[in-house]
Amino acid sequence: MSFISVKKQLEILSSNTEEILPEEDLMKKLKKSKENNIPLNIKLGCDPSRPDLHIGHTVVLNKLKEFQDLGHNIILVIGDFTAMIGDPTGRNKTRPQISVDETRINSKTYINQVSKIINIDKTRIVYNSKWLDGLNFSKIISLCSKFTLAQFLERDDFSKRYKSGKPISLHEFMYPLAQAYDSVFLRSDIEIGGTDQKFNLLLGRDLQKEFNQDQQTILTMPLIEGTDGVHKMSKSYDNYIAFNDSSDDMYGKVLSIPDDLIFKYFSLVTSISNLEIEDYKFSLKANKLNNRDLKRKLAREIVSIYHDNKSASFAESNFDKIFVKKEIPDDIPEIIISCSTKIVELIKSSNQVSSNSEIRRLIKQNAIKIDDRTITDIHYEIIPGKDVVIKIGKRKFLRVKKQ
């Protein structure tokens with residue numbers, strides 16, 4: 001294939017990127033790729049420690065898509081082996097280990113989810129258990145001999161835990177080493193990751209050098225704050241917007257972000273051009289647009305990526321009905337009962353809340369209502385009679401009818 005100019009590729013790939021390490025290497029690699037008409041191998045690792053992705057992951061996936069659109073080979077590494085170790089990045093304690101079966105179940109969902117951003121048919125998908133699971137102890141000792149304990153304690157999270165006397169399990173040091181070996185095995189030219197992955201990505205460069213390979217260039221991407229506007233988007237902070245969220249939930253969550261994150265979300269999560277974003281900024285300053293209208297546009301854009309334009313329009317309409325007009329949406333789920341049923345069991349059977357404990361938590365937080373009456377008793381029973389509407393949290397509804 002014919003690649004566009006190196007200058008134009010650099011311009012595209014540098015946009016929204018936090019760091020390129022070393023920057024001159026990227027230019028050299030792109031130049032050599034164009035001269036020889038050979039695509040570069042671009043690596044992105046993704047650990048299936050949870051069953052779903054959130055839009056914070058979109059930041060690195062969008063960069064991966066740019067490389068793909070430019071004609072380069074992208075390699076999605078599903079870390080089914082490394083997920084069992086647990087990434088210690090940003091952790092103040094050891095992660096609980098998960099089983100092989102859990103990682104494989106979770107990894108199945110990842111492929112469908114990332115296909116919303118990148119072209120799966122043109123993506124090389126590999127599982128690092130293929131090569132890591134077969135390493136014998138002699139090989140592991142050899143890999144460990146390439147680095148010192150001091151190098152690993154330079155990591156901010158390890159350093160803080162060590163100084164504060166919090167335990168660091170030996171297996172946690174294996175995570176960055178295993179991830180680095182992925183780069184060696186795949187002979188990656190470029191690896192992408194969040195800024196919090198910088199240590200791990202650079203370790204891959206160091207290990208490639210030990211194996212006399214060309215060292216990969218590192219592209220780190222900014223982390224995006226979650227709906228609370230404080231912490232990075234994460235399930236741990238319950239501030240995430242999941243790929244698999246319903247269109248209504250996704251729309252409502254986007255509208256809940258602080259105003260100062262609007263343009264960051266536009267830049268990093270959507271496909272809106274920088275020129276359009278600058279126009280929005282100008283219109284905002286000129287009072288031709290307000291933050292509320294911008295946020296609604298942002299919400300529609302994000303919903304359309306993970307669902308479609310029609311779903312985005314319905315989500316906006318439903319939001320207006322619920323929060324502006326204080327109405328009940330038309331298309332809410334219905335359940336028919338023939339006998340007294342506990343409210344926890346009823347809501348759980350609707351599949352709108354994942355667990356009984358979560359439903360009980362919502363009741364204790366006064367977040368469950370029946371016909372606008374707050375339910376505070378976790379043992380409350382609904383008796384067949386007239387139709388009632390249960391409101392679950394801010395955006396979910398359930399209509400209960402008599403058989």
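As shown above, the structure is provided for reference.
I will try to describe carefully the structure that is included in this document. (Residues numbered from 1 in each chain as written. Predicted model: local features only at pLDDT ≥ 70, side-chain atom pairs only at ≥ 80, totals over all residues. Heavy atoms only, no water.)

A separate point is the pairing of strand S6 (residues 217-221). Most of S6 sits inside the fold, with five of its five residues counted as buried. Covered by surrounding structure in S6 are Thr217, Leu219 and Met221 together with Ile218 and Thr220, the residues of both alternating faces. Note: strand S1 (residues 19-21) against S6, three bridges, orientation antiparallel. Following the sheet pairing, Ile20 is matched in S6 by Leu219. When strand S5 (residues 190-194) meets S6, the two strands line up parallel, connected through five bridges. Considered in S6, the bridge of Gly193 is made with Thr220. Considered for its hand, the β-α-β crossover made up of S5, helix H11 (residues 198-210) and S6 is right-handed. (Buried < 20%, exposed > 50% of the residue type's maximum accessible area, 1.4 Å probe, protein only. Helix = DSSP H or I, 4+ residues; strand = E, 2+ residues; numbered from the N terminus. Pairing = 2+ DSSP bridges. Right-handed = clockwise from strand over helix to strand, strands pointing away.)

Tallied over the entire structure, the rule returns 25 salt bridges. Linking Asp196 and Lys232 is a salt bridge whose minimum nitrogen-to-oxygen distance equals 2.9 Å. With Asp196 in the loop between S5 and H11 and Lys232 in the loop between S6 and helix H12 (247-255), this residue pair connects regions lying 36 residues apart in the sequence. Overall, the relative accessible area of 27% leaves Asp196 in the partly exposed class. The exposure class of Lys232 is partly exposed, given its relative accessible area of 34%. The salt bridge involving Glu316 is made with Arg296; its shortest N-O contact spans 3.6 Å. (Salt bridge = Lys/Arg side-chain N within 4 Å of Asp/Glu carboxyl O.)

Scanning the model with the defined rule gives eleven aromatic pairs in all. Here the aromatic rings of Phe152 and Phe173 are separated by 5.6 Å at their centres, their planes lie at 85°, and the arrangement is edge-to-face. Note that Phe152 is positioned in helix H8 (residues 149-153) and Phe173 in the loop between helix H9 (156-163) and helix H10 (174-186), a separation of 21 residues in sequence. Here Phe152 and Phe173 have matching classes, each one buried. Relative to Phe211, the ring of Tyr181 has its centre 6.3 Å away and its plane inclined at 65°; by these criteria the two rings are edge-to-face. Of the two residues, Tyr181 sits in helix H10 while Phe211 sits in the loop between H11 and S6, which places them 30 residues apart along the sequence. Under the relative-accessibility criterion, Tyr181 is labelled buried at 10%. A connected cluster of aromatic rings, assembled from ring pairs, spans Phe147, Phe152, Phe158, Phe173 and Phe199. Geometry around Tyr240 places Lys253 over its ring, the cationic atom sitting 4.8 Å from the centre. (Phe/Tyr/Trp six-rings, centres within 6.5 Å; stacked < 30°, edge-to-face > 60°. Lys NZ or Arg CZ within 6 Å of the ring centre and 35° of its normal.)

Within the largest apolar cluster, 60 residues are counted, with the highest numbers of intra-cluster contacts made by Ile55, Ile192, Tyr265, Phe266 and Ile302. Residues in contact with Ile302, not counting those within four places in the same chain, are Ile55, Met250, Val254, Tyr265, Val269 and Thr270. (Core = buried A, V, L, I, M, F, W, Y, C linked by side-chain atoms within 4.5 Å. Contact = heavy atoms within 4.5 Å.)

Our next topic: the sheet that holds strand S3 (residues 73-78). Read from one edge to the other, the open sheet built from six strands follows the order S1-S6-S5-S2-S3-S4, with strand pairing classed as mixed. Every interior strand has two partners, whereas the edge strands, S1 and strand S4 (123-127), have only one. Ignoring which end each strand starts from, the neighbouring axes of this sheet average 25° apart. Together, strand S2 (41-46), S3 and S4 form the strand contacts of helix H5 (residues 100-114), whose direction differs from that of S3 by roughly 150°. Lying on the sheet, H11 is in contact with S1, S5 and S6; it crosses S6 at an angle near 170°. (Axes fitted to C-alpha atoms, helices over the stretch in contact; angles between N-to-C directions.)

For helix H18 (residues 356-364), every residue scored as buried is listed here: Ile359, Leu362 and Ile363. Down the axis of H18, the buried side of the element spans an arc of 100°, and every buried residue falls inside it. As for H18, its buried residues are in contact with helix H17 (343-349), strand S9 (368-370) and strand S12 (388-392). The positive-phi residue at the C-terminal boundary of H18 is Asn366, with phi of around 60°. (Arc of directions from axis to C-beta.)

Along the chain, Gln9 turns up in helix H1 (residues 6-14). Within the structure, Gln9 has its side chain in polar contact with the side chain of His72 (distance 2.9 Å). Residues in contact with Gln9, not counting those within four places in the same chain, are Phe3, Ile4, Leu30, Leu70 and His72. (Polar contact = N/O pair within 3.5 Å; in protein donor to acceptor, adjacent residues only side chain to side chain.)

Among the secondary structure elements, Gln208 is positioned in helix H11. Within the structure, the side chain of Gln208 is placed 2.6 Å from the backbone nitrogen of Gln216, a separation counted as a polar contact.

Along the polypeptide, Ser350 turns up in the loop between H17 and H18. On the basis of relative accessibility, which here comes to 15%, the residue Ser350 falls in the buried class. For Ser350 and Asp156, which are 194 residues apart along the polypeptide, the C-alpha to C-alpha distance reads 44 Å. Here Ile347 takes part through its backbone oxygen, which lies 2.6 Å from a polar atom of the side chain of Ser350.

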